[in-house]
Structures are given as C-alpha cells and as structure tokens.
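Descriptive analysis of the structure
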Amino acid sequence: MGTDVTSGISTQTQTVTAQASSRVSANQAKQIAQINANLSKNQKAAKNWIAYHESRFSYTARNGNCYGRYQLLRAYLHGNYSPVNQERAANNYVSARYGTWTHAKHFWQAHHWY
C-alpha cells in the first residue's frame with residue numbers, strides 16, 4: 001500500500017480487517033459521487049486525508065464502537081454499514097460538528113481524532 005506516514009500513531013488505534021474493502025460496485029460509486037458532488041476539491045482532499053488516517057480507506061475497518069472508512073460510531077450508521085451510507089453519514093457528521101472537512105482535518109491534526 002505504500003509508506004506508512006503515521007508511524008508515530010499507535011497501531012492499537014486502528015484495527016483493519018484483512019480483506020481489501022476499498023472496492024465498491026459501479027452503482028455504489030455513482031451514488032457516492034452524487035453524495036460528494038457538492039464538495040470542493042479542497043474538501044474532498046481533506047475527506048480523503050481523514051479516510052486514510054482513520055482506516056486506510058477501508059469501509060470495514062473496526063476499532064471498538066467505531067466502524068468504517070471514517071471510523072464513525074456505529075450509532076451514526078443506524079445499522080447500515082454500506083459504503084454509500086458511510087459517505088452520507090460522514091458528511092452529515094462533519095457538517096454538523098465542524099462545518100467543513102478542512103476544519104475536521106485541522107482538528108484531527110491537533111487531536112489525532114475528529
């Protein structure tokens with residue numbers, strides 16, 4: 001996968017399942033593109049940065065009560081762990097809590113969580 005740029009972060013903070021889970025169906029990819037269509041290039045870059053640091057882009061990453069690409073609390077996903085719902089829920093969470101993905105990224109960089 002490339003160089004681990006988070007060597008200073010404890011490996012206990014993330015547990016990623018062994019299977020490659022960054023793949024989505026064509027239909028899911030289309031839905032995800034629609035969900036993210038209103039995000040600017042900078043917002044998409046910040047969202048991808050968080051996805052990498054939280055789960056290495058895995059939609060099935062697990063860490064305690066957090067799940068998925070953005071390591072959201074399972075309660076935020078309401079039992080629907082699909083990639084499409086994770087994308088939608090992550091956008092809603094970040095919008096409500098930080099306003100933008102870039103603000104969420106800055107918070108993450110200061111606290112190592114968001």
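Here is what the cut-offs are and how they apply
Residues numbered from 1 in each chain as written. Predicted model: local features only at pLDDT ≥ 70, side-chain atom pairs only at ≥ 80, totals over all residues. Heavy atoms only, no water. Helix = DSSP H or I, 4+ residues; strand = E, 2+ residues; numbered from the N terminus. Buried < 20%, exposed > 50% of the residue type's maximum accessible area, 1.4 Å probe, protein only. pLDDT = per-residue confidence, 0-100. Contact = heavy atoms within 4.5 Å. Pairing = 2+ DSSP bridges. Salt bridge = Lys/Arg side-chain N within 4 Å of Asp/Glu carboxyl O. Arc of directions from axis to C-beta.

On to unusual backbone geometry. For Gln71, which is not glycine, the phi dihedral falls at a positive 50°. Residue placement: Gln71 occurs in the loop between β2 (66–67) and β3 (72–73). Using a relative accessible area of 10% as the deciding quantity, one classes Gln71 as buried.

This prediction gives the protein a mean pLDDT of 86; 81% of its residues lie at or above 70. Segment residues 1–20 is flagged for pLDDT under 50; beyond a separation of four residues in sequence, or across chains, it makes 26 contacts in the model.

The next point concerns the sheet that holds strand β1 (residues 62–63). Read across the sheet, three strands follow the order β1-β2-β3 without closing on themselves; strand pairing throughout is antiparallel. What marks the edges here is a single partner per strand, and that holds for β1 and β3. Across two bridges, β1 lies against β2 in antiparallel orientation. Counterpart to Asn63 in the pairing with β2 is Cys66.

Our focus in this paragraph is the pattern of salt bridges. Side chains bearing opposite charge may pair, as long as their charged atoms lie close to each other. This structure, assessed with the given rule, holds two salt bridges. Between Lys47 and Glu87 there is a salt bridge, with the nearest N and O atoms lying 2.6 Å from each other. On the criterion of sequence distance, the pair formed by Lys47 in helix α2 (residues 41–55) and Glu87 in helix α4 (residues 83–97) is long-range, its members being 40 residues apart. Note on accessibility: Lys47 and Glu87 belong to one class, buried. Among the ionic pairs, Glu87 bridges to Arg69, the shortest N-O distance being 3.9 Å. Linking Glu87 in helix α4 with Arg69 in the loop between β2 and β3, this pair joins segments that are 18 residues apart in sequence. Relative accessible area serves as the criterion here: at 2%, Glu87 is assigned to the buried category.

Next up on the list: helix α5 (residues 101–111). Note on helix geometry: an α-helix contains 3.6 residues per turn, so any two residues three or four positions apart are oriented the same way. Residues of α5 that are buried include every one of Trp101, Ala104 and Trp108, and no others. Buried residues in α5, looked at end-on, bunch into an arc of 55°, giving them a common side. Opposite its buried face, α5 presents the exposed residues His106 and Ala110, each directed more than 90 degrees away. Of the residues trailing α5, His112 is marked for its positive phi of about 65°.

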